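Each chain is listed here by its residues.
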Amino acid sequence: MGVLITVLAVFAVAGLVLLALSVRNVQQYEKGVVFRFGRLLPDIRGPGLRVIRPIGDRMRKVSVQTEVLGIPPQGSITADNVTLTVDAVVYFKVIDPVKALVNVRNYPAAVSQIAQTSLRSVIGRADLDTLLSDRDHINAELKKVMDAPTEEPWGLRIERVEIKDIALPESMMRSMSKQAEAERERRARVIAADGEFQASQRLSDAAATMADTPGALQLRLLQTVVDVSAEKNSTLVMPFPVEMLRFFEHQSRESDGASDGRVTHRSARRPAAPAGVVIPEPAIPAPAITPALSLSGERVGSGGKRIGSRAEVARERRDNWPTRKDAEESLNG
């Protein structure tokens with residue numbers, strides 16, 4: 001009786017061990033692939049408790065979650081011969097567990113290698129401006145390049161590829177900063193010139209309006225006076241027309257010429273001669289003035305008086321110069 005109990009206990013323990021070896025727990029985010037003596041079984045086990053043969057069956061669990069794989073920094077040369085370092089990140093997931101286990105060994109490492117080579121290839125075909133300004137286009141091209149060798153043969157789907165950072169050389173960063181500064185300065189100058197052009201057009205229109213309506217200039221002058229007086233200043237600046245100053249200057253010159261009794265280059269008006277009669281030109285007698293001459297190094301005046309300095313010579317000439325009245329009397333005879 002004791003032997004029978006022992007045998008039953010041994011079988012019970014062996015059954016429990018075999019049951020433990022036959023039960024597998026598959027998570028919701030996993031798929032179970034069973035190999036029986038190395039041969040792939042067609043059925044893929046879903047999540048939950050799954051029973052396999054304890055002897056000869058082996059189950060491999062494959063996660064179908066999206067995995068994030070960082071690509072190490074890759075040094076490359078762009079299409080415009082700029083050396084830079086780029087790192088990226090890849091998001092992928094397993095859509096066919098059988099292909100991921102059978103067709104490729106260690107598929108995360110395979111995805112990392114193909115991501116690095118694809119990154120270098122895409123950067124080599126793009127220029128620096130495209131890499132800096134059109135990241136979405138570069139990311140889409142990277143995804144397209146990586147989808148071809150991974151989705152159909154390996155059962156992997158590349159969901160997203162993003163470039164994280166682009167490291168430029170120090171000299172290139174200085175050159176780009178100078179270029180950006182020059183571009184901003186150019187835009188500022190263009191905007192300032194455009195403002196000056198528009199202001200000149202408006203000023204030209206205003207000047208034309210004021211020229212057609214003289215009263216507008218007076219109104220503008222009064223408005224300027226009001227603006228200046230609104231500041232409560234002790235000094236009031238009144239604009240004065242330049243044309244009025246020129247008018248006063250012209251009048252002062254004419255008055256000075258009229259008050260001076262000297263003869264100007266004006267020809268006396270003669271009476272009209274009858275037809276066929278020629279009136280000779282009246283001879284203008286030379287004024288009986290003896291100019292100041294230099295005789296033996298001395299200057300002699302009109303009265304025979306010797307003059308010493310140049311000031312006395314000038315005074316002598318001014319006092320004895322013929323006036324307009326004398327010239328008219330000599331002409332009228």
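Let us look at the structure shown here. Since the model is a prediction, treat every value here as computed from it, not as a measurement.

On to the sheet that holds strand E6 (residues 67-77), then. Strand pairing in a sheet is mediated by backbone hydrogen bonds. Such pairs are either parallel or antiparallel. If you walk across this open sheet you meet the three strands as E6-E7-E8, and the pairing is antiparallel. With one partner strand each, in any of the chains shown, E6 and strand E8 (156-167) form the two edges of the open sheet. Direction aside, neighbouring strands of the sheet carry axes that sit 25° apart on average. Contacts between helix H3 (residues 107-125) and the sheet are confined to E6, strand E7 (83-94) and E8, with E6 contributing the most and set at about 35° to the helix.

What follows is about the pairing of E6. Two strands pair when backbone bridges link them, and E6 and E7 are joined in this way by nine bridges, in the antiparallel orientation. Residue pairing across strands places Ile71 opposite Ala88, the latter belonging to E7. Between E6 and E7, which pair antiparallel and follow one another directly, the connecting turn spans five residues, one of which, Asn81, has a positive phi of 60°.

The N-to-C vectors of helix H6 (residues 170-212) and helix H7 (residues 214-229) enclose an angle of 115°; their axes lie 4 Å apart at closest approach. Side by side, H6 and H7 meet where Met210, Ala211 and Asp212 of the first sit next to Pro214, Ala216, Leu217 and Arg220 of the second. Partitioned by chemical class, the residues of the contact of H6 with H7 number five nonpolar, no polar and two charged.

Our next topic: unusual backbone geometry. Its identity as a non-glycine residue notwithstanding, Phe37 has a phi of 50°, on the positive side. Checked against the element boundaries, Phe37 lands in the loop between strand E2 (30-36) and strand E3 (39-45). Despite not being glycine, Asn106 shows a phi value in the positive range, around 55°. Here Asn106 is to be found in the loop between helix H2 (97-102) and H3.

How each quantity is defined
Residues numbered from 1 in each chain as written. Predicted model: local features only at pLDDT ≥ 70, side-chain atom pairs only at ≥ 80, totals over all residues. Heavy atoms only, no water. Pairing = 2+ DSSP bridges. Helix = DSSP H or I, 4+ residues; strand = E, 2+ residues; numbered from the N terminus. Axes fitted to C-alpha atoms, helices over the stretch in contact; angles between N-to-C directions. Contact = heavy atoms within 4.5 Å. Nonpolar A, V, L, I, M, F, W, Y, C, P; charged D, E, K, R; others polar.

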